[in-house]
Amino acid sequence: LNFHSQRTMKVAQELYEGVNVGSEHGGVQGLITYMRTDSLRISTEAQDAAREFIREQYGDKYCPAEPRIYKTKANAQDAHEAVRPTNVALVPALIRKHLSNDQYKLYKLIWERFIASQMESADLATLTLDFDCKGYLFRTGGYTVTFPGYMAVYEESVDESHRTHADEPEEQKDLRIPALTEGQGLESDKIDPARHFTEPPPRYTEASLIKLLEEKGIGRPSTFVTIITTIISRGYVKRESKSLVPTELGEVTNTIMLKTFST
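Residues numbered from 1 in each chain as written. Predicted model: local features only at pLDDT ≥ 70, side-chain atom pairs only at ≥ 80, totals over all residues. Heavy atoms only, no water.

(A) Layout of the overall build of the chain. Scanning the chain from N- to C-terminus turns up 7 helices and 6 strands. Seen in sequence order, the chain has helices and strands lined up from the N terminus as α-β-β-α-α-α-β-β-α-α-β-β-α. Expressed along its principal axes, the backbone C-alpha trace of the chain runs to roughly 60 × 55 × 35 Å. Across the 263 residues in the chain, those meeting the buried criterion constitute 30%. Across the chain, every contact between residues at least 6 apart in sequence was considered, and the portion connecting residues at least 24 apart equals 66%. Carbon together with sulfur atoms contributes 50% to the accessible area of the chain, which is approximately 18,000 Å² in total. Counting 32 positive and 38 negative side-chain charges, the chain places the centres of these two groups 5 Å from one another. (Helix = DSSP H or I, 4+ residues; strand = E, 2+ residues; numbered from the N terminus. Buried < 20%, exposed > 50% of the residue type's maximum accessible area, 1.4 Å probe, protein only. Contact = heavy atoms within 4.5 Å. Areas by Shrake-Rupley, 256 points an atom, 1.4 Å probe, with all protein chains shown as cover. Lys, Arg positive; Asp, Glu negative; His and termini not counted. Charge placed at Lys NZ, Arg CZ, Asp CG, Glu CD.)

In structure tokens, the structure reads:
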């Protein structure tokens with residue numbers, strides 16, 4: 001959603017504490033479970049409700065024969081469930097008029113990911129396509145969707161700021177291709193020449209830095225926002241667009257810490 005971490009937590013807190021979704025939907029409702037958690041566990045009650053919803057709205061073939069169970073990471077604190085909607089029947093579109101724009105976006109993301117996490121897998125067909133254009137051969141690769149499964153609800157996208165040169169499309173692995181038949185004629189919409197050079201890894205964004213903190217076991221979900229806020233407020237880094245760029249103070253501080261403390 002390209003929200004800063006503080007903004008995300010503020011909106012999540014509002015959804016957790018309760019929003020008036022109208023008398024037709026029960027008035028003030030806490031729309032999500034406790035959000036400062038890294039658990040992947042959900043209650044049996046929530047899982048059953050999700051599976052029933054999936055069967056009713058999408059059909060039996062979209063609901064796995066066995067419930068989906070996700071293994072929580074070894075260092076996770078499992079005191080709370082995973083972040084999920086409290087009531088799957090409160091479909092985002094139904095209550096949109098009662099939510100602010102930020103509340104709707106975040107609630108929709110949480111609701112869709114939760115429902116998708118309990119759905120059947122998608123079936124994809126990997127393709128390599130050769131195009132002949134006046135004697136010149138063009139090639140691309142990608143996939144077609146033979147059965148959408150969870151993608152009927154949620155399909156993850158890759159934020160452009162998180163791409164690295166390793167993600168760039170030499171084989172276009174993530175390219176979704178429409179259904180085509182051999183020998184089919186295709187019209188060219190445009191020609192877009194481009195050259196790709198090896199580039200250094202992109203700078204951290206708030207999202208990718210939080211992911212690194214998780215991987216390194218630094219902090220907890222309850223402290224990630226404080227860590228980000230602190231390094232910005234003390235002037236160690238500054239925001240440039242989505243990126244966190246080290247300042248001169250930050251580089252000097254980092255140099256002193258590397259010299260003083262063993263790594």
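(B) Structural view of the nonpolar core. Of all hydrophobic cores here, the largest spans 34 residues; its most connected members are L15, L31, Y107 and I115. Listed by contribution, the elements that provide at least two residues to this core are helix 1 (5-17), helix 2 (44-58) and helix 4 (101-117). Among the elements that make up this core, the one with the highest residue count is helix 4 (8 residues). Those residues within four positions of I115 in sequence are excluded, and the remaining contacts are A50, F53, I54, V88 and V153. Counting 7 residues, the second-largest nonpolar core is a separate cluster that includes L209, F224, I228 and V237. (Core = buried A, V, L, I, M, F, W, Y, C linked by side-chain atoms within 4.5 Å.)

(C) Structural context of helix 2. Here helix 2 contains 15 residues, and its C-alpha end-to-end distance of 21 Å stays within 8% of the 21 Å for a straight helix at 1.5 Å per residue. Those residues of helix 2 that fall on the buried side of the exposure criterion are A46, Q47, A50, R51, F53 and I54. Along the long axis of helix 2, the arc covered by the buried residues comes to 160 degrees, so they all point the same way. Within helix 2, the exposed residues directed more than 90 degrees away from the buried face are T44, E45 and E56. Buried positions along helix 2 lie against helix 4. One or two residues past the end of helix 2 sits G59, with phi positive at roughly 105 degrees. (Expected span 1.5 Å × (residues − 1). Arc of directions from axis to C-beta.)

(D) Quick peek at the environment of C63. Topologically, C63 is positioned in the loop between helix 2 and helix 3 (92-95). For the pair C63 and L249, spaced 186 residues apart in sequence, the C-alpha separation works out to 54 Å. Beyond its immediate sequence surroundings of up to four residues, C63 is in contact with R51, I54, R55 and E120.

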